[in-house]
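# Report on the structure
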Amino acid sequence: MNKGTGVGTGPTAAAAAAAAQKQKTMMQRVETDIASIVDNFTQLVNVARVNDPPVRNSQEAFMMEMRAGRMVQAADSLLKLVSELKQTAIFSGFASLNDHVEQRTVEFNQQAEKTDRMLARIGEEAAASLKELESHYYSSAQRTADTA
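Residues numbered from 1 in each chain as written. Predicted model: local features only at pLDDT ≥ 70, side-chain atom pairs only at ≥ 80, totals over all residues. Heavy atoms only, no water.

- For the protein, an unreviewed UniProt entry supplies the name Mediator of RNA polymerase II transcription subunit 22a-like and the organism Durio zibethinus.
- What UniProt records for the protein under Subcellular location (unreviewed entry) is the sentence "Nucleus". (UniProt positions renumbered as here; feature names shortened; annotations may be inferred.)

This is how it looks when you write it as structure tokens:
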């Protein structure tokens, strides 16, 4: 029942290692892209100060365009990562979902069998108690006095 809980080698261990590596790579991409966006935005705000010399303003405008372009590239990279995560969740989610459904089905079947056994035992106990009560009633002095 407990698939993949032990340490070992095989398809499950290899899949887990590959998933861990992919997760690490994706987290690095996210951290890099977010750091790039924050850094470029900070630089964009710093460059956006208004100065008098026209040459300096054109240099700052170029720096602002460059930083904005880098922010767009980082944001695009994050969007691609989100798309990749969605595809991964869709395609790999079915296998894990099927495993989970199968596991829950087994658990519910076991619980149903346990409940059936308990109900059968309760029915047998109730029948035995009823039979005992009937025998006490039919052999009691109260009943024989009522019929006499």
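## Here we look at the overall build of the protein
- A count of helical and extended segments in the protein gives three helices and zero strands.
- Secondary structure elements of the protein occur, N-terminal to C-terminal, as α-α-α.
- Put simply, of all contacts in the protein between residues at least 6 apart along the chain, 75% involve residues at least 24 apart.
- Roughly 12100 Å² of accessible area belongs to the protein as shown, and the carbon and sulfur atoms make up 61% of that amount. (Helix = DSSP H or I, 4+ residues; strand = E, 2+ residues; numbered from the N terminus. Contact = heavy atoms within 4.5 Å. Areas by Shrake-Rupley, 256 points an atom, 1.4 Å probe, with all protein chains shown as cover.)

## Thoughts on a nonpolar patch on the surface
- Residues Met118, Leu119 and Ile122 make up a contiguous nonpolar surface patch of roughly 270 Å² in combined accessible area.
- Structurally, the position occupied by Leu119 is in helix H2 (residues 54-138). (Patch = residues over 30% accessible without salt bridge, like charges linked within 9 Å, V, L, I, M, F, W, Y side chains within 5 Å. Salt bridge = Lys/Arg side-chain N within 4 Å of Asp/Glu carboxyl O.)

## A closer look at the side chain of Asp33
- By the element assignment, Asp33 lies in helix H1 (residues 11-47).
- Buried within the structure, Asp33 lacks any salt-bridge partner; its nearest side chain of opposite charge belongs to Arg29, at an N-O separation of 5.2 Å.
- A polar side-chain atom of Asp33 sits 2.6 Å from a polar atom in the side chain of Ser77.
- Beyond its immediate stretch of four places on either side in the chain, Asp33 contacts Ala74, Ser77 and Leu78. (Buried < 20%, exposed > 50% of the residue type's maximum accessible area, 1.4 Å probe, protein only. Lys, Arg positive; Asp, Glu negative; His and termini not counted. Polar contact = N/O pair within 3.5 Å; in protein donor to acceptor, adjacent residues only side chain to side chain.)

## Overview of the side chain of Arg67
- Take Arg67: it is sitting in helix H2.
- Residue classification places Arg67 among the buried positions, given a relative accessible area of 11%.
- Apart from the residues within four sequence positions on either side, Arg67 is in contact with Asp39, Asn40, Gln43 and Leu44.

## Focus: the confidence of the model for the protein
- On average, residues of the protein score 80 in pLDDT, and 80% of them reach the 70 mark or higher.
- Within the protein, helix H3 (residues 141-147) has the poorest average pLDDT of any element, 66, and H2 the best, 85.
- The low-confidence segment residues 1-8, where pLDDT is below 50, has five contacts with residues more than four positions distant or belonging to other chains. (pLDDT = per-residue confidence, 0-100.)

## Thoughts on the pattern of salt bridges
- As enumerated under the stated definition, the model contains five salt bridges in all.
- A salt bridge links Glu107 to Arg104; the nearest nitrogen and oxygen atoms lie 3.2 Å apart. Of this pair, Glu107 and Arg104 both sit in helix H2, three residues apart, roughly one helical turn.
- The exposure class assigned to Arg104 is partly exposed, which follows from its relative accessible area of 36%.

## Here we look at the packing of aromatic side chains
- All told, the structure shown has one aromatic pair when counted by the stated rule.
- Ring geometry for Tyr137 against Tyr138: centres 5.3 Å apart, planes inclined by 70°, an arrangement best described as edge-to-face. (Phe/Tyr/Trp six-rings, centres within 6.5 Å; stacked < 30°, edge-to-face > 60°.)

## Focus: the environment of Gly69
- Take Gly69: it is sitting in helix H2.
- Residue classification places Gly69 among the partly exposed residues on the basis of a relative accessible area of 31%.
- Each C-alpha atom, one on Gly69 and one on Asn40, is 9.1 Å from the other, the two residues being 29 residues apart in sequence.

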